[in-house]
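Report on the structure
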Amino acid sequence: MHLAYPAVLSALLFCTGLYGVLARRNAILVLMSVELMLNAVNLNLVAFDVWLSRAAEETLHSGQALTLFTIAIAAAEIGIGLAIVLAVYRNRGTSDIDRLRDTAEGHEPDGPDAPDHDASAPRAAAENAEATA
Amino acid sequence: MTLAATLAGLAAGTTDLAADSRGFLSPTGVEIAFLLVGLVTFGAAVVTVTTKQLVHAALWLVVTLGGLAVEYLLLTAEFIAWVQVLIYVGSVIVLLLFGLMLTRAPIGRSPDADSGNRWVALAVAVAAAAALVWVVVDAFRTTWIDLDGAPAGSTDVTGASLFQHWVLPFEALSVLLLAALVGAIVLSRKATADAATAAATGTPPAGSPPAVAPPTTAPVTDPATGPASAPVTGPSASGAADAGSDTEGSR
């Protein structure tokens, strides 16, 4: 197989994930796009490892080992990321990353009223669920 | 380019690296299969990042990751393919779907799924794709992967290299997974602890809106122990524990 096929597919998948990270607004969709980019890197690693294990008689299999490590790190990343997104949603009532601009320079935050007003509905619902559980 | 040239110089005489006899116009069967699965994978990825329905995006991501597993199989990396199916399709997608449901993703079309800078993002992505594809094709146009013979990524080969040469990173990764697990549990238990202390002291935590639930349900459960003991773990904590244990188990 030509090495160009997996390399080009990997580049295209990476750029698709790049578009998703830049253009999406929901935090979980951004996490999905990050997964796409990580998978593109994995495909590249596997393709080059298969090539080098024959062409250069490389026996370390560093590409496949790194792929396994990347998959494990991606699993850890998605767990932590979802925990952060859920914590933000619990506090703010939204997972819209365009509205999380508190630390942006030159932009005042929306004011203390707007996020608290949004957060009241899900927080009350969550406390109801906890109290009745 | 220089990397490819160096490696070609290293391996000269052992394998024919230059694929001058093999053109792109006469593909082999594996290449045709790779192209077709690659088209499906890429199309599913594009739908994933462009669809307006959030749950459909997660389901198209399943198609993308499954297509990538098939590509790993075609590249004779069997172990990676099954790990991909187990971890990504098995647990990461489930975690993402749980996340979508827990943040009340609307079922149906949501008009604000895309940000306002999507045209800038599209320009950046297309420019990056053009540059990367041009460079990659120019560098590896004549490089040939020899797929005949023993598979390059069987469980035997991968396990031997992993536990001979990569033991220390492997163990470090176990510690990292443990840290991630503990971190996810701590992150998702914090609000529960706040609510428990608020219920115990009778005052809402600072900055939170006044709660409606505790006064009405106080006679039902003991306010000191009821809300504190009822929610054992947050939903994302158990989900993250799933991901961690899946990763440990599949390795």
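Residues numbered from 1 in each chain as written. Chains lettered and ligands numbered in written order. Predicted model: local features only at pLDDT ≥ 70, side-chain atom pairs only at ≥ 80, totals over all residues. Heavy atoms only, no water.

The name an unreviewed UniProt entry assigns to chain A is NADH-quinone oxidoreductase subunit K, from the organism Streptomyces viridosporus. What UniProt records for chain A under Subunit (unreviewed entry) is the sentence "NDH-1 is composed of 14 different subunits. Subunits NuoA, H, J, K, L, M, N constitute the membrane sector of the complex." UniProt annotates chain A under Catalytic activity (unreviewed entry) with the comment "a quinone + NADH + 5 H(+)(in) = a quinol + NAD(+) + 4 H(+)(out)". (UniProt positions renumbered as here; feature names shortened; annotations may be inferred.)

This model, assessed by the stated rule, comprises five aromatic pairs over all chains. Centroid distance F48(A) to F140(B): 5.1 Å. Interplanar angle 75 degrees. Geometry classified as edge-to-face. Of the two residues, F48(A) is situated in helix α2 (residues 27–55) and F140(B) in the loop between α5 (118–139) and α6 (155–165); the pairing between them involves two chains. In this pair, the class of F48(A) matches that of F140(B), namely buried. On the basis of an interplanar angle of 75 degrees and a centroid distance of 6.4 Å, the ring pair of F69(A) and W166(B) is categorised as edge-to-face. One end of the pair, F69(A), is in helix α3 (residues 62–92); the other, W166(B), is in the loop between α6 and α7 (167–201), on a second chain. For F69(A), a relative accessible area of 8% puts it in the buried group. Aromatic rings pair up to connect F48(A), W51(A) and F140(B) into one cluster. (Phe/Tyr/Trp six-rings, centres within 6.5 Å; stacked < 30°, edge-to-face > 60°. Helix = DSSP H or I, 4+ residues; strand = E, 2+ residues; numbered from the N terminus. Buried < 20%, exposed > 50% of the residue type's maximum accessible area, 1.4 Å probe, protein only.)

In this section: helix α2 (residues 29–50) of chain B. Within an α-helix, residues lying three or four positions from one another point in the same direction, as the helix has 3.6 residues per turn. The end-to-end C-alpha distance of α2(B), which contains 22 residues, comes to 32 Å, matching closely the 32 Å that a straight helix rising 1.5 Å per residue would cover. Among the structural elements, α1 (4–23) and α2 of chain A together with α3 (54–74) of chain B are those in contact with the buried residues of α2(B). (Expected span 1.5 Å × (residues − 1). Contact = heavy atoms within 4.5 Å.)

Looking now at the side chain of T41(B). Inspection of the secondary structure puts T41(B) in helix α2. Those residues in contact with T41(B), other than ones at most four positions away along the chain, are L13(A), T64(B), G67(B), L68(B) and E71(B).

What follows concerns the interface of chain A and chain B. Each side of the interface is counted separately: chain A has 83 residues, and chain B has 112 residues. Buried surface at the junction of chain A and chain B, both sides included, amounts to about 8600 Å², of which 75% is carbon and sulfur. The largest per-residue losses of area from chain A upon contact with chain B belong to M1(A), Y19(A) and R54(A), which jointly make up 11% of the total buried on that side. Where chain A touches chain B, the interface holds one salt bridge. The closest approach of N and O atoms between R24(A) and D114(B), which form a salt bridge, is 3.2 Å. Looking at the side of chain A that touches chain B, the element that brings in the most residues is α3(A), giving 23 residues. Grouping the constituent residues of the side of chain A that touches chain B by class yields 56 nonpolar, 17 polar and ten charged. (Buried area = accessible area lost by both parts, 1.4 Å probe. Salt bridge = Lys/Arg side-chain N within 4 Å of Asp/Glu carboxyl O. Nonpolar A, V, L, I, M, F, W, Y, C, P; charged D, E, K, R; others polar.)

Turning to its location among the elements, T16(A) is positioned in helix α1. Residue T16(A) is classed as buried on the basis of its relative accessible area of 8%. Spatially, the C-alpha atoms of T16(A) and V85(A) are 22 Å apart, while their sequence positions differ by 69 residues. Aside from chain neighbours lying at most four places away, what touches T16(A) is L36(A), F42(B), A45(B), V46(B) and V49(B).

Following the sequence through the fold, T158(B) ends up in helix α6. Side-chain polar atoms of T158(B) contact the backbone oxygen of S154(B), separated by 2.8 Å. Setting aside residues up to four positions removed in sequence, T158(B) forms contacts with Q64(A), L68(A), F79(B) and G153(B). (Polar contact = N/O pair within 3.5 Å; in protein donor to acceptor, adjacent residues only side chain to side chain.)

Bringing the pattern of salt bridges into the picture now. All told, the structure shown has seven salt bridges over all chains when counted by the stated rule. Ionic pairing is found between R92(A) and D102(A), a salt bridge with its closest N-O pair at 2.4 Å. Of this pair, R92(A) sits in helix α3 while D102(A) sits in the loop between α3 and α4 (113–132); the two residues are ten residues apart in sequence, bridging distant segments of the chain. Judged by relative accessible area, D102(A) falls into the partly exposed class, the value being 41%. For D114(B), the salt bridge goes to K52(B), with nearest N and O atoms at 3.6 Å. Of this pair, D114(B) sits in the loop between α4 (78–102) and α5 while K52(B) sits in the loop between α2 and α3, and the two are 62 residues apart along the sequence. The exposure class assigned to D114(B) is buried, which follows from its relative accessible area of 7%. Look at K52(B) and you get partly exposed, because its relative accessible area is 24%. Linked by salt bridges that have partners in common, R24(A), K52(B), D114(B) and R118(B) make up one network.

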